[in-house]
Amino acid sequence: MTWARRGWMGTETGEGSSKEAESHISSMGEVMEVAVLPVKRCCPTMTSPFSSRTHRWAQESATALGTAFHRLAQQAIERSERGSLFAPSETAIRAQIQKEGLSEEQQARLRAALVRWLGSDEAALFAAFENRRAEVPFTVAIGDFFLEGEIDGLADNGDGAAFLIDYKTGGRADETPEQLDEKHRLQASCYAYALMRAGYESVDARFLRIEHAAADNPRDPQIVPYHFEKTDLPALEALIIDK
């Protein structure tokens, strides 16, 4: 069977045994051997029944704002010190604005989102962890396909408990907690499955609606929380395969 070893840089291919090689994420994200199977991405892709140029531009515009925020939030984690996330410079912010071609309205939204996130209690909670990593890639074999994705922020204290965050820009203000739980549960389940297959005993996942303030704490973005234990693995696998 052909196999691929995927790590932080590039892909190495060769001939392996017929036994399926599972992926492993070592401490804070290194991906080891994986077998070549169809890939299912964890992060949902924007789809629409419309194909007009205007609608495609609107999708690309929304994606540009999210991309700019993610790159700056990545820098905030990668250059953080324990207890405090790094605040990207004005130069870095302007570079992302120019690169993504953000409109004046999007620029204002980007800046507001950064202020909310970096000044939040949730950001302080993430920064308090001993180990912090941004944009952590994973690939894990499940059923007859691969589950593949990147986790926006992953933290732990080396005790087997993972804490992950996923940023969400946009979104309607009238979505109920129940609707939001259902909306992001599959993605959270994929992340938790990959991390616990890699050796974590539990996963706390926080989906952060960066452009919406939490009702109970205006310092925080709206948070959609999930908790998973290792005993949840069979149910998570069944859910993911079914989708």
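Residues numbered from 1 in each chain as written. Predicted model: local features only at pLDDT ≥ 70, side-chain atom pairs only at ≥ 80, totals over all residues. Heavy atoms only, no water.

**Let's talk about helix 5 (residues 177–197)**
Reasoning step 1: Relative to the 30 Å expected for 21 residues at 1.5 Å per residue, helix 5 spans 28 Å between its end C-alpha atoms, a close match to the ideal helical length.
Reasoning step 2: At arginine 185, helix 5 shows its maximal kink, close to 45 degrees.
Reasoning step 3: Listed in full, the buried residues belonging to helix 5 are Leu180, His184, Gln187, Ala188, Ser189, Cys190, Tyr191, Ala192, Tyr193, Ala194, Leu195 and Met196.
Reasoning step 4: Contacts from the buried residues of helix 5 go to strand 5 (131–142), strand 6 (145–156), strand 7 (161–168), strand 8 (202–213), strand 9 (221–229) and helix 6 (233–242).
Reasoning step 5: Residue glycine 199 follows helix 5 closely and has a positive phi angle near 125 degrees. (Helix = DSSP H or I, 4+ residues; strand = E, 2+ residues; numbered from the N terminus. Expected span 1.5 Å × (residues − 1). Bend = angle between axes of the 7 residues up to and from the residue. Buried < 20%, exposed > 50% of the residue type's maximum accessible area, 1.4 Å probe, protein only. Contact = heavy atoms within 4.5 Å.)

**Quick word on the packing of aromatic side chains**
Reasoning step 1: Evaluation of the coordinates by the stated rule reveals 8 aromatic pairs.
Reasoning step 2: When the centroid spacing of 6.4 Å and the interplanar angle of 50 degrees are considered together, the rings of phenylalanine 126 and phenylalanine 163 count as tilted. With phenylalanine 126 in helix 4 (residues 121–127) and phenylalanine 163 in strand 7, this pair connects stretches of sequence that are 37 residues apart.
Reasoning step 3: Residue class for phenylalanine 126 comes out buried when judged on its relative accessible area of 0%.
Reasoning step 4: Phenylalanine 163 gets classed as buried once you look at its relative accessible area, which sits at 5%.
Reasoning step 5: Joined through ring pairs, the aromatic side chains of Phe138, Tyr191, Phe207, Tyr226 and Phe228 make up one cluster.
Reasoning step 6: Over the aromatic face of phenylalanine 86 sits the side chain of arginine 79, whose NZ or CZ is 4.2 Å from the ring centroid. (Phe/Tyr/Trp six-rings, centres within 6.5 Å; stacked < 30°, edge-to-face > 60°. Lys NZ or Arg CZ within 6 Å of the ring centre and 35° of its normal.)

**Points about the confidence of the model for the protein**
Reasoning step 1: Mean pLDDT over the protein: 82, with 75% of residues reaching 70 or higher.
Reasoning step 2: Note on residues 44–59: pLDDT is under 50 here. Beyond four places in sequence and across chains, it has 8 contacts. (pLDDT = per-residue confidence, 0-100.)

**Some thoughts on the pattern of salt bridges**
Reasoning step 1: Counted under the stated rule, the structure contains 14 salt bridges.
Reasoning step 2: Arginine 71 is the salt-bridge partner of glutamate 135, the closest N and O atoms lying 3.5 Å from each other. Of this pair, glutamate 135 sits in strand 5 while arginine 71 sits in helix 1 (residues 53–78), and the two are 64 residues apart along the sequence.
Reasoning step 3: Where lysine 99 meets glutamate 100, a salt bridge forms, and the shortest distance between an N and an O atom there is 2.6 Å.
Reasoning step 4: Of the residues examined, glutamate 100 reaches a relative accessible area of 19% and is grouped as buried.
Reasoning step 5: Ionic contacts of the salt-bridge type, sharing partners, join the residues Glu90, Arg94 and Arg111 into one network. (Salt bridge = Lys/Arg side-chain N within 4 Å of Asp/Glu carboxyl O.)

**Observations regarding the side chain of aspartate 156**
Reasoning step 1: Tracing the backbone through its elements, the reader meets aspartate 156 in strand 6.
Reasoning step 2: Within the structure, aspartate 156 has its side chain in polar contact with the side chain of asparagine 131 (distance 2.7 Å).
Reasoning step 3: Within the structure, the side chain of aspartate 156 is placed 2.5 Å from the side chain of tyrosine 200, a separation counted as a polar contact. (Polar contact = N/O pair within 3.5 Å; in protein donor to acceptor, adjacent residues only side chain to side chain.)

**Some details on the packing of helix 2 (residues 90–100) against helix 3 (residues 104–118)**
Reasoning step 1: At their nearest, the axes of helix 2 and helix 3 sit 11 Å apart, and the two run at 140 degrees to each other. Taken together, helix 2 and helix 3 sit at an angle that is classed as oblique. Note on packing geometry: the crossing formed by helix 2 with helix 3 is right-handed. Within the contact between the two elements, helix 2 uses Glu90, Ile93, Arg94 and Ile97 and helix 3 uses Gln107, Leu110, Arg111 and Leu114. (Axes fitted to C-alpha atoms, helices over the stretch in contact; angles between N-to-C directions. Parallel < 35°, antiparallel > 145°, perpendicular 65-115°, else oblique. Left-handed = near helix turned anticlockwise from the far one by under 90°.)

**Examining the packing of helix 5 against helix 6**
Reasoning step 1: The interhelical angle for the contact between helix 5 and helix 6, taken along N-to-C directions, is 130 degrees, at an axis separation of 10 Å. Here helix 5 is positioned oblique relative to helix 6, judged by the angle of their axes. For the pair helix 5 and helix 6, the sense of crossing is left-handed. Contacts between helix 5 and helix 6 involve Leu186, Ser189, Cys190, Ala192, Tyr193, Met196 and Arg197 on the former and, on the latter, Leu233, Leu236, Glu237, Leu239 and Ile240.

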